[in-house]
Amino acid sequence: MIITFATQKGGTGKTTLAIAFANYISVSSKRKINVFDFDFQKSFYHKWKEDELMDIPKLYDVEIIEEENEQPFTDFETLIGLKESEDINLFDLAGTLDVKYSDLLIYSDFIVIPFEYSNVSVKSTLVFINFLGLMESQAERVFIRSKYDKGYKYLNQESMDAEIRKYGTLLKSPVFKRNCLQTIDTRKLNYEQKYAVKNSFTELIDHINNTLEINL
Ligand SMILES: Nc1ncnc2c1ncn2[C@@H]1O[C@H](COP(=O)(O)OP(=O)(O)OP(=O)(O)O)[C@@H](O)[C@H]1O
Ligand SMILES: [Mg+2]
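Criteria and cut-off values
- Throughout this document, residue positions are counted from 1 along each chain, in the order its sequence is written.
- Written order decides the labels, with chains lettered from A and ligands numbered from 1.
- Two thresholds apply to this predicted model, a pLDDT of at least 70 for residue-level local features and 80 or more for giving and counting side-chain atom pairs, whereas whole-chain, interface and lining totals are computed over all residues.
- Excluding hydrogens and water, the side-chain values take into account all heavy atoms of the structure.
- Counting from the N terminus, the helices are the DSSP runs of H or I reaching at least four residues and the strands are the DSSP runs of E reaching at least two.
- Restricting the calculation to C-alpha atoms gives the radius of gyration, and the globule rule supplies 2.2 Å times the number of residues raised to the power 0.38.
- Each residue is assigned to one of three classes by its accessible area relative to the maximum for its type, calculated with a 1.4 Å probe on protein chains only: buried under 20%, partly exposed between the two thresholds, exposed over 50%.
- The criterion used for residue contact is that any of the two residues' heavy atoms lie within 4.5 Å.
- For the area figures, the Shrake-Rupley method with a 1.4 Å probe applies, and any residue is considered shielded solely by the protein chains shown.
- His is not counted, nor are the chain ends, whereas Lys and Arg count as positive and Asp and Glu as negative.
- By convention, the point assigned to a charge is CZ for Arg, NZ for Lys, CD for Glu and CG for Asp.
- Whether a residue is near a molecule or strand depends on its heavy atoms: if one lies within 4 Å, it is near.
- Any N or O atom pair separated by 3.5 Å or less is treated as a polar contact, with the protein-specific requirement of one donor-capable and one acceptor-capable atom, and with residues adjacent in sequence counted only for side-chain atom pairs.
- Strands qualify as paired when DSSP identifies two bridges or more between them.
- Interaxial angles span 0 to 180 degrees and are taken between N-to-C directions of axes, which are lines fitted to C-alpha atoms, for helices over the stretch in contact.

**Remarks on the overall build of the protein chain**
Line of reasoning, step 1. Across its full length, the protein chain carries seven helices and seven strands.
Line of reasoning, step 2. In sequence order, the secondary structure elements of the protein chain are arranged as β-α-β-α-β-α-β-α-β-α-β-α-β-α.
Line of reasoning, step 3. Relative to a compact globule of 216 residues, whose C-alpha radius of gyration would be 17 Å, the protein chain shows 16 Å and is just as compact.
Line of reasoning, step 4. By principal-axis analysis of the C-alpha atoms, the protein chain measures approximately 45 × 40 × 35 Å.
Line of reasoning, step 5. Taking all 216 residues of the protein chain together, the buried fraction comes to 52%.
Line of reasoning, step 6. Put simply, of all contacts in the protein chain between residues at least 6 apart along the chain, 80% involve residues at least 24 apart.
Line of reasoning, step 7. For the protein chain, the accessible surface area stands at approximately 11000 Å², while carbon and sulfur atoms represent 49% of it.
Line of reasoning, step 8. Within the protein chain, the 33 negative side-chain charges are centred at a point lying 9 Å from the centre of the 26 positive side-chain charges.

This is the structure in structure tokens:
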């Protein structure tokens, strides 16, 4: 299966959530996890390389997809192979729309879309949803409120939530703004980090299981 963390808006927490999810699912699932960093900044990959210095074994491998080396998509069958595989193939994308992402966005099983309620983020999220619609992507869209501030009253939350629900599943549990998530590594979630993502990821995994009728 393919699960892609994407949205057009930069800095919404795609990489943070992708790392957290990769770590979380590595522990909770028996399946093999493969991570593909499809962002030219290669944040996930750099972090994973940096973490080699840690005295903790790696949970998964991270592969970069270079501009000049468009693997694994030069060959369309490879993409379908990843989709049909029992492995959990996670992709982290850049915060920009690019035609090179089209096939992946069309053939992902799930696109996880972190978003915030700022005006810029709302607009970008809606543009991204439109983009997916234009591409006729069949991927299930899962929206996660990211960096959510419990003490803040988001005036546009109700209208934004209603709009988003037309296009996919909005997870009930937000991922709150937490300092502990700023120091995440690719080897292990500490107790605080796990606690910060647990509710959202439980919902996400339940949703994946129900949609595909599997048991991750
Ligand atoms: N829940 C959170 N609480 C606090 N800080 C967060 C949270 N999620 C992400 N951040 C911080 O926000 C910044 C952007 O996060 P991240 O790099 O994950 O976003 P991104 O969507 O991958 O960005 P880009 O579009 O550049 O790839 C980072 O400094 C990260 O530590
Ligand atoms: Mg990123």
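Still more to cover.
**Re the site of ligand 1**
Line of reasoning, step 1. Taken together, the neighbourhood of ligand 1 is formed by 17 residues, with Lys-14, Thr-15, Thr-16, Phe-176 and Arg-178 sitting nearest.
Line of reasoning, step 2. Contact distances for ligand 1 include 2.8 Å between an oxygen atom and a side-chain N or O atom of Lys-14.
Line of reasoning, step 3. Residue Thr-16 places a side-chain N or O atom 2.5 Å away from an oxygen atom belonging to ligand 1.
Line of reasoning, step 4. When the free accessible area of ligand 1 is taken as 630 Å², the share hidden by the protein chains comes to 78%.

**Points about the sheet that holds strand 1 (residues 2-5)**
Line of reasoning, step 1. In space, the seven strands of this open sheet follow the order 3-2-4-1-5-6-7, with parallel pairing throughout. Each edge of the open sheet carries a strand with a single partner, namely strand 3 (61-64) and strand 7 (169-170).
Line of reasoning, step 2. Across three bridges, the pairing between strand 1 and strand 5 (residues 110-115) is parallel. Bridge pairing links Thr-4 to Ile-111 in strand 5.
Line of reasoning, step 3. Along the sheet, helix 2 (residues 43-50) makes contact with strand 2 (33-38), strand 3 and strand 4 (88-93), crossing strand 3 at roughly 135°.
Line of reasoning, step 4. Seen against the sheet, helix 6 (residues 157-165) touches strand 5, strand 6 (140-145) and strand 7 and runs at an angle of roughly 165° to strand 6.

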